[in-house]
Amino acid sequence: RLRFPVFGRLARLNALARFTSSLSVLVQTGVPFVDALDVASSTAGNTVVRRAAAHIAESVRHGGRISDAMAEQPVFTEMVVQMVSAGEDAGAVDVMLEKVAAMYELEVETTVASLTSLLEPMRKIWDDLVARKLYITGGCGALFDGAVALRRHSPTCGQSASFVLSDGNSRMGWIPPGFAHGF
């Protein structure tokens, strides 16, 4: 799921935003860090993030630094690792995790906005194709499935024509006025 272009990146960012936000809140309320990692990893909804959190928890249980354990996990960027390291040095990991969560949330919003602007032209084309198909089939009749071929070669506009569908069944369809001689 994480390797699917664009959408995989969005899923990863969203999972990381949920994870770091939950972790920040749990640590701020006084939950021990290892316990907070276990709880926060379940909110991520992502196996890769859960595994990374389990690795970090194991490292911290054995006395390792949070940032060192994060650096070993490819899901966390170098900038995030450096921010957490700075938080550890300053004794404010919870504050840094909150900033990391805000950064991920902003990145999710930006990615969604970019995707929306990219997909909008395709949606308009799809809408146009559906509207044309409705116009061709008379607007209120059933949409014709599959490849449609005219049985009569040049029906008069405004008259019915016989169509053969890809499944071999025949249907009658109305040729709208102004529609130029068939398909």
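Let me sum up the structure you'll find in this document. Note that the structure is predicted; figures quoted are calculated from it, not measured.

### Some remarks on the overall build of the protein chain
Stage number 1. In terms of regular secondary structure, the protein chain is built from six helices and three strands.
Stage number 2. Mapped in sequence order, the helices and strands of the protein chain form the string α-α-α-α-α-α-β-β-β.
Stage number 3. Looking at the protein chain as a whole, 34% of its 183 residues qualify as buried.
Stage number 4. Long-range contacts, defined here as pairs at least 24 residues apart, represent 38% of the contacts in the protein chain between residues at least 6 apart.
Stage number 5. Surface summary for the protein chain: the accessible area is close to 10800 Å², and the carbon and sulfur share equals 59%.

### A short note on the environment of Val60
Stage number 1. Examined against the element boundaries, Val60 turns out to sit in helix H3 (residues 47-61).
Stage number 2. Note: C-alpha distance between Val60 and Phe33 (27 residues apart in sequence) is 8.4 Å.
Stage number 3. Those residues in contact with Val60, other than ones at most four positions away along the chain, are Phe33, Val34 and Ile66.

### Side note on a nonpolar patch on the surface
Stage number 1. A contiguous nonpolar surface patch, about 410 Å² in accessible area, is contributed by Phe7, Leu118, Leu119 and Met122.
Stage number 2. By the secondary structure assignment, Leu118 is in helix H6 (residues 93-136).

### Some remarks on the pattern of salt bridges
Stage number 1. For the structure on display, the rule yields five salt bridges.
Stage number 2. With a closest N to O distance of 3.3 Å, Arg61 and Glu58 form a salt bridge. Taken together, the positions of Arg61 and Glu58, both in helix H3 and three residues apart, correspond to about one turn of that helix.
Stage number 3. Assessed through its relative accessible area of 38%, Glu58 is described here as partly exposed.
Stage number 4. Of the charged contacts, one joins Arg65 and Asp89 as a salt bridge, the two residues approaching to 3.3 Å between their closest N and O atoms. Residue Arg65 is located in the loop between H3 and helix H4 (66-71), and its partner Asp89 is located in helix H5 (residues 78-90); the two are separated by 24 residues in the primary sequence.

### Structural notes on the packing of helix H1 (residues 7-28) against helix H2 (residues 33-44)
Stage number 1. Between H1 and H2, the shortest axis-to-axis distance is 8 Å and the interhelical angle comes to 150°. Considering only the axes of H1 and H2, their crossing is right-handed. Listed contacts from H2 to Ala15, Arg18, Phe19, Ser22, Leu23, Leu26 and Val27 of H1 are Phe33, Ala36, Leu37, Val39, Ala40, Ser41, Thr43 and Ala44.
Stage number 2. Counted by class, the contact of H1 with H2 contains eleven nonpolar, three polar and one charged residues.

Conventions adopted
Residues numbered from 1 in each chain as written. Predicted model: local features only at pLDDT ≥ 70, side-chain atom pairs only at ≥ 80, totals over all residues. Heavy atoms only, no water. Helix = DSSP H or I, 4+ residues; strand = E, 2+ residues; numbered from the N terminus. Buried < 20%, exposed > 50% of the residue type's maximum accessible area, 1.4 Å probe, protein only. Contact = heavy atoms within 4.5 Å. Areas by Shrake-Rupley, 256 points an atom, 1.4 Å probe, with all protein chains shown as cover. Patch = residues over 30% accessible without salt bridge, like charges linked within 9 Å, V, L, I, M, F, W, Y side chains within 5 Å. Salt bridge = Lys/Arg side-chain N within 4 Å of Asp/Glu carboxyl O. Axes fitted to C-alpha atoms, helices over the stretch in contact; angles between N-to-C directions. Left-handed = near helix turned anticlockwise from the far one by under 90°. Nonpolar A, V, L, I, M, F, W, Y, C, P; charged D, E, K, R; others polar.

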